[in-house]
Each structure stands twice: as structure tokens, then as C-alpha cells.
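# Fold and contact review
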Amino acid sequence: MNAAPADQIRLLDVQSLDVRLQQLAHKRKSLPEHTEIDSLNKDLTQLRDLLVAAQTEESDTAREQVKAEQDVDQVRQRAARDQQRLDSGAVTSPKDLENLQKEIVSLAKRQGDLEDVVLEVMERRESAQERVAELTERVGSVQSRIDDATGRRDAAFEEIDGEAATVTKEREVVAASVPADLLKLYDKLRAQQGGIGAAKLYARTCQGCRQELAITELAEVRAAAPDTVVRCENCGRILVRTAESGL
């Protein structure tokens, strides 16, 4: 393949712009905010799970407290009715009076036991409420950190994407001045060689693979016409000759 030396030099400009686009893509993908956001989202998921569990516990103990208080109220009402019967004098049989008095004592003990249950449930509910409040605050704090990191990431995206758009337009202009067949070969090699399709020959060394040309290869390159598109024998990339090639 043949191409004017100036066109081959412009190919290096295209390569330089492609490298910059690769760098920008890597920078976009490797922003520290990505790791930060992923880590915070994992923390947020765990905290939300804990919050749901705490809310469920609080809800369960609330129902348990209502039930326990209803039990106390039922016993209290029954004891009040018995006491009213006792005080009214309607019960005259000694045996019935004795049984009624025993029941009032039993109900008093039962009421005390149930009130202890109510207090225990209330303590558990209060603990669950405190846990809910604590986790709610922690969820909000982590969410704020995620929002902050997301804002920083998006700002970086905007800056990187803006530069990438500028470089892409410049690349289009420069690439348009390179012969189509040379550009096609370059793009093919770039895809095969990790993004580098053309490299400068500098001080007898291919800047693509960093290998110095062998004596025979150097002689072939030296003998090639200026418009001949030469390739590196080691890596296969297009070798662009300049005044610094050391030929």
C-alpha cells in the first residue's frame, strides 16, 4: 500500500486522538465514585433490610401491647364487678362470699401478672422504636452520601463526555483527510492491536511494541520509498517514518 508521507503523518494524529478517546473512556469507567456508590448502595440495602425488620418488630409489639392491655382491662372489669357484688350485700351465703373473695384475690394477682406483661411489652416496643429511629437516620445519612457521590460522578461524566465529543469531532476532521484505504487498514489493525494501529518509528524503535528494528528490517524500511506504507515486523502495526526515525 502506498500513501503520501503527509497522509501517514496525519495517521499519527488520528492515532493520538483515538488514544485520547480511549483514555477518556477508561477515566469515565474508572471514576472513584463508581466504587464509592456501589459500596454505599450495599450499605443502604443492608440498612433498609434492618429497618424493615425493626419496623416489623415495632408493629408486632404494638399489637401485642394492645392485646395485653385488653387482657388487663377485661380482668379489671371482672374484678370490679365482683367487688361491686361483694359490696352490695347481694351475696349472703358464706360459701358464696368466700368463693367471691377468693376470686377477687385471684383476679388481683392475675391483673398484676398481666400488667407486668404490659410493661415488658412496652419496654420491647420502646426499644424497637428507638431502633427504627436510629436506622431511619442512618438510612437517610447513607442516602445523602449516595446523592453526593452521584452528583460528583455525573459532573465528572459531563466534563469527560464534553471533552470526548470535542475530540471525536476533531478525529472526524483529521480522519477525513486520510486516504480511505489507509484509514481502513489502520482501523483494522487498531481493533486487533489493543487500540494502537499506527506507531511512530523513533530512534529505530517501533513505538507500538517498543521493539528496536532488526538490522535486516531496518535496511528494508530505509530502502522503502517515502510513500510506501511499512509495517512493524514484530507487531504488524503501521510504522510511520519521521525525521526522528534514525534511518
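Fair warning: this is a prediction, and the values are worked out from it, not measured in the lab. (Residues numbered from 1 in each chain as written. Predicted model: local features only at pLDDT ≥ 70, side-chain atom pairs only at ≥ 80, totals over all residues. Heavy atoms only, no water.)

## Points about the pattern of salt bridges
Under the defined criterion, the tally for this structure stands at 24 salt bridges. We note a salt bridge from arginine 78 to glutamate 103, for which the minimum N-O separation is 2.8 Å. Linking arginine 78 in helix H2 (residues 32-88) with glutamate 103 in helix H3 (residues 94-176), this pair joins segments that are 25 residues apart in sequence. Residue classification places arginine 78 among the partly exposed positions, given a relative accessible area of 41%. The exposure class of glutamate 103 is partly exposed, given its relative accessible area of 25%. With its nearest N and O atoms 3.5 Å apart, the salt bridge here joins arginine 138 to glutamate 134. (Salt bridge = Lys/Arg side-chain N within 4 Å of Asp/Glu carboxyl O. Helix = DSSP H or I, 4+ residues; strand = E, 2+ residues; numbered from the N terminus. Buried < 20%, exposed > 50% of the residue type's maximum accessible area, 1.4 Å probe, protein only.)

## Looking at the side chain of arginine 237
With respect to the helices and strands, arginine 237 occurs in the loop between strand E3 (230-231) and strand E4 (238-241). Of the side chains bearing the opposite charge, glutamate 217 lies closest to the buried arginine 237, which forms no salt bridge; the N-O distance is 11 Å. (Lys, Arg positive; Asp, Glu negative; His and termini not counted.)

## What about unusual backbone geometry?
Although it is not a glycine, arginine 204 adopts a positive phi angle of roughly 65°. Here arginine 204 falls in the partly exposed class, since its relative accessible area comes to 37%. Its identity is not glycine, yet arginine 210 carries a phi of approximately 65°, on the positive side. Its place among the elements puts arginine 210 in the loop between strand E2 (205-206) and helix H5 (215-223).

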